[in-house]
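A structural walkthrough
Below are the chains, spelled out letter by letter.
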Amino acid sequence: MPHTMLRCSECQIYHMPDMKTLGCESCGAPLDVEYIGDGGEQSGFRPPGWTGPNIPLPVHTSDAFVTLGEGGTPCVPLTNLSKSLGLTDLIAKLEFMNPTGSFKDRGTSIMMSVAREQGVREIVEDSSGNAGASVSAYAAKAGIKAHIFAPAAAPAAKLQQIKVYGAQTHAIEGSREDTARAAVDYCAERGLVYASHNLSPYFIEGTKTFAYELFQQFGDGIPGDIVMPVGNGSLFIGAWKGFSELRRADLLTSMPRLHAVQASAVMPLAAAYEGVEWKREPGSSTIAGGISVGDPPRLKQCLRVLQESGGVALAVDDDAIRDWHRRLAEVEGIYAEPTSAAAFAGLERLAAEGRFGKDGSVLVAVTGFGLKDAPPA
Ligand SMILES: Cc1ncc(COP(=O)(O)O)c(C=O)c1O
Ligand SMILES: [Zn+2]
């Protein structure tokens, strides 16, 4: 069985594995899981039913593993769109076919498994909606009490979904940042575990399975370019970590480029990638609520993924997102939430700018389901 330590993503200092430790004690940066001893990355937990290569995961026993059947999402060729965008091959990985309707279930499954292994009985999470619904569902399955903080203005369907799984819901007036602050204060007052999907190193270990699955679906021929919407970057960073592990295990000979799409109203990563100053305009908003993250704690890690993979970060406006939300449904029969449609607005720009590799094979992660968040017509 692998042993894990938590390692600072910036100053590299090691910390003992503990759900309560969400930042480096020396510099405050977010932490990552590292596998040490007993074969390190080559060992790892094999989720029941998984037939691909060993996945290093910080879960030790099948009893602790909290699963609702996440992963195994289909890859669908978008033949109608690929022609109009001038691509040889365009593939959608339908992440909204995870149990609660978004990719978040990959991360939540592992984060809640670690919580169960560490004997945690009650957790606090804050979310724009999808992660909250996911944590609420997996907490129900694990028998852990969950408090979910979400903006009062979050889509009604998402708030309803959080409630139905039984979490105590705290709707906070104000911004996404106000919601996070309220959750942190609540934890501090009551001495509870803050299971923040943005900060928890265990959440990213779960999103890694996106990369392992692509390897299982495409072998060494995974698409050369992958596009996704990025807010805090949990899928972006997790996917890259998974591909990097596969590369170190000599299973992948080449790595894909990972491209990050943001909304022009909230574009800290796209601005940092371009090397320009960015500050959120007071009152500015986007219909892509899942990526409305003004100050992502793992921004530096996202920049490193862009640099190492050779990917591009760009921002698209709400008109383009709205347009693609409809077009994706009309042309390919895929009903995604606006946050996910943003990736297609980015895809169109990247294709027009000739940014994709010569093989012309591109995959888009369709991260959340349309029924969760229908934009106003
Ligand atoms: C549907 C959807 N896509 C993408 C994202 C962005 O994920 P991350 O913040 O981990 O980059 C979110 C986050 O809430 C989401 O709900
Ligand atoms: Zn540090």
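Below is a short write-up of the structure. (Residues numbered from 1 in each chain as written. Chains lettered and ligands numbered in written order. Predicted model: local features only at pLDDT ≥ 70, side-chain atom pairs only at ≥ 80, totals over all residues. Heavy atoms only, no water.)

**Side note on the overall build of the protein chain**
In terms of regular secondary structure, the protein chain is built from 12 helices and 13 strands. Over its C-alpha atoms the protein chain spans a radius of gyration of 19 Å, differing by no more than 12% from the 21 Å that the globule rule assigns to 377 residues. Considered along the principal axes of its C-alpha atoms, the protein chain spans approximately 55 × 50 × 40 Å. Residues classed as buried in the protein chain amount to 59% of the 377 residues present. Expressed as a percentage of contacts within the protein chain between residues at least 6 apart in sequence, the contacts between residues at least 24 apart total 71%. (Helix = DSSP H or I, 4+ residues; strand = E, 2+ residues; numbered from the N terminus. Rg over C-alpha atoms; globule rule 2.2 N^0.38 Å. Buried < 20%, exposed > 50% of the residue type's maximum accessible area, 1.4 Å probe, protein only. Contact = heavy atoms within 4.5 Å.)

**Describing the pairing of strand β12 (residues 313-316)**
Each regular strand shows side chains that alternate between the opposite faces of the sheet. On β12, burial covers both faces: Ala313 and Ala315 on one face and Leu314 and Val316 on the other are all buried. Pairing of strand β11 (residues 257-263) with β12 involves four bridges; the strand directions are parallel. Within β12, the residue paired with Ala260 across the bridge is Ala313. (Pairing = 2+ DSSP bridges.)

**Considerations on the side chain of Ser113**
With respect to the helices and strands, the residue Ser113 is situated in helix α2 (residues 104-117). Not counting residues within four places of it along the chain, the set of residues in contact with Ser113 comprises Val59, Ala64, Phe65 and Val66.

**Examining the coordination of the zinc ion (ligand 2)**
Surrounding the zinc ion (ligand 2) are the protein donor atoms Cys8 (SG), Cys11 (SG), Cys24 (SG) and Cys27 (SG), which sit 2.3 Å from the metal. Note that the zinc ion (ligand 2) binds four donor atoms; their angles at the metal cover 100 to 122°, and the shape is tetrahedral. For the zinc ion (ligand 2), all donor residues lie on one chain, and their spacing in sequence is C-x2-C-x12-C-x2-C. Residue Cys8 is classed as buried on the basis of its relative accessible area of 1%. (Donors = N, O, S within 2.8 Å, 3.2 Å for Na, K, Ca; no water. Tetrahedral: all angles 85-135°; square planar, octahedral: opposite > 155°, others 65-115°.)

**A word on the pattern of salt bridges**
Under the criterion given, the structure shown has 21 salt bridges. A salt bridge links Lys208 to Glu205; the nearest nitrogen and oxygen atoms lie 2.6 Å apart. Of the two residues examined, Lys208 and Glu205, each falls in the buried class. When the shortest N-O distance is used, the salt bridge between Glu245 and Lys208 registers 2.9 Å. In this pair, Glu245 is assigned in helix α8 (residues 234-248) and Lys208 in the loop between α6 (201-207) and α7 (209-218), connecting sequence segments 37 residues apart. (Salt bridge = Lys/Arg side-chain N within 4 Å of Asp/Glu carboxyl O.)

**Overview of the packing of aromatic side chains**
For the structure on display, the rule yields four aromatic pairs. Pairwise contacts between aromatic rings join Phe96, Tyr335 and Phe369 into one cluster. (Phe/Tyr/Trp six-rings, centres within 6.5 Å; stacked < 30°, edge-to-face > 60°.)

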